[in-house]
Amino acid sequence: MTGANSLGGLKGLRAAWHAHLPHDAAIPLNQRRWIAGEGSLTARLMSASSRFGVQRLVQAPQLPFADEWQALGLICPVPAITREVLLICDSVPAVFAHTIVDPYRARRDWPFLRGLGNRPLGGALFVDPRVRREPFQFARLSTNHPLRQALQRVLPAFASVPMLPARRSVFRRGGGAMLVTEVFLPDLLERAAPANIGAGGTRLPRRIDMHHTPPRQEERRAS
């Protein structure tokens, strides 16, 4: 669990989110292509790997972080459905994804969420014509940001990485809202970024490992 259901999660540090990916020498061109790419990130990851898996870490009501609840359009911080997963390429974690959902409209506008399990969220979002995605925001997360701390509880080796780039966007369906934040891990520094798969990103990958086991210890090392 991330601990976001405590006051500590609510009072967590805010990140500086920008409409454009900030320049940073630690974010090389290949990784920038991953971060700024349109369409389904799941589909792009699968096209760049021979084996893709999703490991669900959390799915439960939790208080949103300090820089999240207003972005979701809530008038005050209340427990929101929170889902965290690792997206894993060739047995190496590539992306840590953190999603919060407006709790008042979740059952009506996101009915698939309850039974999603270890399936990727993108596989449901990008095939639904009623879903709209708002523009990306980008940030560089230091080790003391709550999302980094949540990641480091699962993969402690990433505590030694001083900065991880992230992006987030709000998805809307009917009156419901969902904020999806994706933290890009060092695997994507060198894994070749494929071309964008269209604005809708509806081209789905070949195979998903539905019940992925946790990465072995030797595979957890941050490169």
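The structure displayed is predicted, hence computed values, not measured ones.

Comments concerning the overall build of the protein chain
Okay, so step 1: Looking only at helices and strands, the protein chain features six helices and seven strands.
Okay, so step 2: Among the 223 residues that make up the protein chain, the fraction classed as buried is 52%.
Okay, so step 3: In the protein chain, of all internal contacts separated by at least 6 residues, the share reaching a separation of at least 24 is 74%.
Okay, so step 4: Of the roughly 10,300 Å² that the protein chain leaves accessible, carbon and sulfur atoms contribute 53%.

Some thoughts on the pattern of salt bridges
Okay, so step 1: Going through the model one piece at a time under the given rule, you end up with seven salt bridges.
Okay, so step 2: Ionic pairing is found between Arg133 and Glu38, a salt bridge with its closest N-O pair at 3.5 Å. With Arg133 in strand S4 (residues 132-133) and Glu38 in the loop between helix H2 (29-36) and helix H3 (41-47), the pair connects residues that are 95 residues apart, well separated along the chain.
Okay, so step 3: Look at Arg133 and you get partly exposed, because its relative accessible area is 25%.
Okay, so step 4: Relative accessible area serves as the criterion here: at 38%, Glu38 is assigned to the partly exposed category.
Okay, so step 5: Between Asp128 and Arg173 there is a salt bridge, with the nearest N and O atoms lying 2.7 Å from each other.

Considerations on the side chain of Gln152
Okay, so step 1: Looking at the secondary structure, you find Gln152 in helix H6 (residues 146-154).
Okay, so step 2: If near-sequence neighbours (up to four positions away) are discounted, Gln152 is found in contact with Thr143, Phe158 and Ala159.

Notes on the nonpolar core
Proteins that are soluble and globular tend to have nonpolar side chains buried together.
Okay, so step 1: Formed by 20 residues in total, the largest nonpolar core has its most connected members in Leu45, Phe52, Leu87, Val95, Phe184 and Leu188.
Okay, so step 2: In this structure, Leu45 is in contact with Trp34, Phe52, Leu87, Cys89, Ala94, Val95 and Leu188, ignoring residues within four places of it in sequence.
Okay, so step 3: In terms of nonpolar packing, the next biggest core, distinct from the first, is built from 17 residues, Leu86, Leu141, Val161 and Leu185 among them.

A look at the environment of Trp69
Okay, so step 1: Tracing the backbone through its elements, the reader meets Trp69 in the loop between strand S1 (52-62) and strand S2 (80-89).
Okay, so step 2: Separated by 110 residues in sequence, Trp69 and Leu179 place their C-alpha atoms 9.0 Å apart.

Regarding H2
Okay, so step 1: By the burial criterion, the buried members of H2 are Asn30, Gln31, Trp34 and Ile35. In a view along the axis of H2, the buried residues occupy a sector of 140°, so they form one face of it.
Okay, so step 2: Close packing links the buried residues of H2 with H3, strand S5 (137-142), strand S6 (163-173) and strand S7 (176-184).

What to know about the confidence of the model for the protein chain
Okay, so step 1: This prediction gives the protein chain a mean pLDDT of 81; 81% of its residues lie at or above 70.
Okay, so step 2: No element of the protein chain has a lower mean pLDDT than helix H1 (residues 7-10), at 39, and none a higher one than H2, at 96.
Okay, so step 3: A low-confidence stretch, residues 1-11 (pLDDT under 50), is modelled with 29 contacts involving residues beyond four sequence positions or located in other chains.
Okay, so step 4: Between residues 198-223, whose pLDDT stays under 50, and residues either more than four places distant or in other chains, the model counts 63 contacts.

Things to note about the pairing of S2
Okay, so step 1: Counting buried positions along S2 yields nine of ten residues, so the element is predominantly enclosed.
Okay, so step 2: Here S2 pairs with strand S3 (residues 92-101) via nine bridges, running antiparallel. Its bridge partner being in S3, Thr82 is matched across the sheet by Ile100.
Okay, so step 3: Between S2 and S3, which pair antiparallel one after the other, the connecting turn spans two residues, and Asp90 there sits at a positive phi close to 50°.

Calculation rules
Residues numbered from 1 in each chain as written. Predicted model: local features only at pLDDT ≥ 70, side-chain atom pairs only at ≥ 80, totals over all residues. Heavy atoms only, no water. Helix = DSSP H or I, 4+ residues; strand = E, 2+ residues; numbered from the N terminus. Buried < 20%, exposed > 50% of the residue type's maximum accessible area, 1.4 Å probe, protein only. Contact = heavy atoms within 4.5 Å. Areas by Shrake-Rupley, 256 points an atom, 1.4 Å probe, with all protein chains shown as cover. Salt bridge = Lys/Arg side-chain N within 4 Å of Asp/Glu carboxyl O. Core = buried A, V, L, I, M, F, W, Y, C linked by side-chain atoms within 4.5 Å. Arc of directions from axis to C-beta. pLDDT = per-residue confidence, 0-100. Pairing = 2+ DSSP bridges.

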